[in-house]
Amino acid sequence: MTVRLHWFLPTGGDGRTLVDRHAYGPNDKRKVTGVRAPDIAYLAQIAKAAERLGFEAVLTPTGTCCEDAWLTTAALAQHTERLKFLVAFRPGLLSPTLAAQMAATYQRVTRGRLLLNVVTGGDSAEQRRFGDHLDHDKRYERTDEFLSVVRGVWRGEPYDFHGAHYQVEGGLTALPPDPVPQLFFGGSSAAAGPVAARHADVYLTWGEPPAQVKEKIDWIRSLAEREGRTVRFGIRLHTISRDSSAEAWATADRLLDDLDADTIAAAQAALGRSESVGQRRMLELHGGSRDRLEIHPNLWAGVGLVRGGAGTALVGSHAEVADRIEEYHALGVEHFVLSGYPHLEEAYWFGEGVIPELSARGLLERTATPAAGNGSGSAAPLLVSSGR
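Description of the structure in this document.

Quick notes on the rules
- Counting restarts for each chain: residues are numbered from 1 in the order of the written sequence.
- In keeping with the model being predicted, local features are shown solely for residues with a pLDDT of at least 70 and side-chain atom pairs are shown and tallied solely at 80 or more, while totals for entire chains, interfaces and linings include all residues.
- Neither water nor hydrogens contribute to the side-chain values; these are computed over all heavy atoms in the structure.
- Counting from the N terminus, the helices are the DSSP runs of H or I reaching at least four residues and the strands are the DSSP runs of E reaching at least two.
- Relative accessibility under 20% of the residue-type maximum defines a buried residue, over 50% an exposed one, and the middle range a partly exposed one, all with a 1.4 Å probe and only protein chains included.
- Every helix has an expected span of 1.5 Å times one less than the residues it contains.
- Polar contacts, as counted here, are pairs of nitrogen or oxygen atoms within 3.5 Å of one another; within protein the pair requires one atom able to donate a hydrogen and one able to accept it, and residues that are adjacent in sequence qualify only if both atoms are side-chain atoms.
- Every angle, taken between N-to-C directions, lies between 0 and 180 degrees, and every axis is a line fitted to C-alpha atoms, over only the stretch in contact when it is a helix.
- In this scheme, roughly parallel covers angles under 35 degrees and roughly antiparallel covers those over 145, while 65 to 115 is roughly perpendicular and the rest are oblique.
- When the near helix sits turned anticlockwise from the far one by under a right angle, the crossing is termed left-handed; a clockwise turn instead gives a right-handed crossing.
- Note on contacts: a residue pair is in contact if any heavy atoms of the two residues lie within 4.5 Å.
- Each residue gets one of three labels, nonpolar for Ala, Val, Leu, Ile, Met, Phe, Trp, Tyr, Cys and Pro, charged for Asp, Glu, Lys and Arg, and polar for the others, Gly among them.
- By salt bridge we mean one thing: a side-chain nitrogen of Lys or Arg within 4 Å of a carboxyl oxygen of Asp or Glu.
- Working definition: rings of Phe, Tyr and Trp (its six-membered ring) pair if their centres are within 6.5 Å, and the pair is stacked with planes under 30 degrees apart, edge-to-face with planes over 60 apart, and tilted otherwise.
- To qualify as a nonpolar core, a set must consist of buried Ala, Val, Leu, Ile, Met, Phe, Trp, Tyr and Cys residues joined through side-chain atoms within 4.5 Å.

Attention now moves to the overall build of the protein. In terms of helices and strands, the protein carries 12 helices and 15 strands. With the principal axes as the frame, the protein shows a C-alpha extent of 60 × 50 × 40 Å. In the protein, buried positions account for 54% of the 388 residues.

Following this line, the structure appears as structure tokens:
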């Protein structure tokens, strides 16, 4: 099992700060500086960098405060050649038969570059913005049915399904996707685990300390075994990798400089209202305090002070970050979905610093050759064997 690396597309905006550009209302006088709009020109720079550096795919978020993942990545596919797109979407906001058809079309248009990130949703207020009024556990129940329909429709012959949430008669994708997209799925609640066991190709967890990640892996693996299935595992982390550990931690400290007590308190209050068990686990890593943010060697919980979702970062020298990736990999983690602020620059820090380290340790496939250095987007991924 080799390490498979993915990057992130900040379709909600990017910049040199952890403060979300959507954090303040129009009447708030505070200014958020260093913010980059998520237009196609900028996102294409990130996508091209990820492709050139050797990342397999890029993840897009889903929700109110970001661009639509399907449309944005379809546009970016025209600017790249090999890069895959891990498209996040929420079951229940569209028909499962339509979702299966969209995925099949996407695979043909991009020549097989689609991966799917199934996001059930842990915030009822956010769900209600889209007209969804189910509670937390019912949403996972619906996701279970949704994915049953999607996989059934992909068989290429009429498919019937009769459940509590969906009634499908003769559901059909006339031209099934080839290849069938891998399904990435996350969730830390008791309601989420069985859904992952039945449907996920890759179970994705946020970046908790290794001992807690191992508990999750053991939990999902045991549930999958009962279903007669094998599930692979991935982790979602930010990275701050530099030529020296001191430089990396100085960068982390600079990100904290933007965060005053009121900003952190407001963010923690908002995040604390989430129904997501995974989000609650992220909050428990730091308790809203700036103190003791290094919760495991080179694992920093500072991002989660003000941002929801993935709240931890790998911070250190390139070798130290590679050490932590190797540690998670030893637990059974195969897919690493990474990001950093700003995403363009951090992709290069990781790609030119950590990827050579991982390659030298034999953790990456050695099928690619170094980029030709001609500036062309068609250059092969950069995997330097002498050595985020």
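With that settled, the discussion passes to helix 9 (residues 261-272). For an α-helix, the turn length of 3.6 residues means that residues three or four places apart are oriented alike. The end-to-end C-alpha distance of helix 9 is 16 Å, a good match for the 16 Å that 12 residues give at a rise of 1.5 Å each. Between a side-chain oxygen at the N-terminus of helix 9 and the backbone nitrogen of Asp262 the separation is 3.2 Å; the capping residue is Asp260.

Looking now at the packing of helix 6 (residues 192-199) against helix 7 (residues 210-226). It is at 8 Å that the axes of helix 6 and helix 7 come closest, and there the two elements cross at 55°. With respect to helix 7, the element helix 6 is oriented oblique. Like other packed secondary-structure pairs, helix 6 and helix 7 cross with a definite hand, here right-handed. Every residue of helix 7 that contacts helix 6 at Gly193, Pro194, Ala196 and Ala197 is listed here: Trp219, Ile220, Leu223 and Ala224. Across the contact of helix 6 with helix 7, the residue classes break down as 7 nonpolar, 1 polar and no charged.

Here we take up the pattern of salt bridges. Scanning the entire structure with this criterion turns up 22 salt bridges. Measuring nitrogen to oxygen at the nearest pair gives 3.7 Å for the salt bridge that ties Lys138 to Glu141. Here Glu141 and Lys138 lie together in helix 5 (residues 136-153), a separation of 3 residues that amounts to about one turn. Relative accessible area serves as the criterion here: at 33%, Glu141 is assigned to the partly exposed category. We note a salt bridge from Glu357 to Arg361, for which the minimum N-O separation is 3.4 Å. Each of the salt bridges in this network shares a partner with another, and the network as a whole consists of Arg4, Glu56, Lys84, Arg232 and Glu334.

Another aspect to go through is the side chain of His238. Following the sequence through the fold, His238 ends up in strand 11 (residues 232-242). Polar contacts involving the side chain of His238 include one to the main-chain carbonyl oxygen of Ala310, which spans 2.9 Å.

Our focus in this paragraph is the packing of aromatic side chains. Across all of its chains, the model carries 8 aromatic pairs by this definition. Taken together, a centroid distance of 5.3 Å and an interplanar angle of 45° make the contact between Trp7 and Phe55 tilted. Pair noted here: Trp7 is in strand 1 (residues 4-8) and Phe55 is in the loop between helix 1 (40-53) and strand 4 (57-60), with a separation of 48 residues, a long-range link. The exposure classification of Trp7 matches that of Phe55, with both residues buried. With 5.9 Å between their ring centres and 35° between their planes, Phe55 and Phe350 make a pair best called tilted. Of this pair, Phe55 sits in the loop between helix 1 and strand 4 while Phe350 sits in helix 12 (residues 343-360), and the two are 295 residues apart along the sequence. Phe55 sits in the buried class, given a relative accessible area of 4%. Of the residues examined, Phe350 reaches a relative accessible area of 0% and is grouped as buried.

Moving on, we come to the nonpolar core. Among the nonpolar cores identified, the biggest contains 75 residues, and Leu5 and Phe350 are the most heavily contacted of them. The leading source of residues in this core is helix 1, at 8 residues. With near-sequence residues (within four places) excluded, Leu5 lies in contact with Phe55, Glu56, Ala57, Phe336, Leu338, Phe350, Ile355, Leu358 and Leu364.

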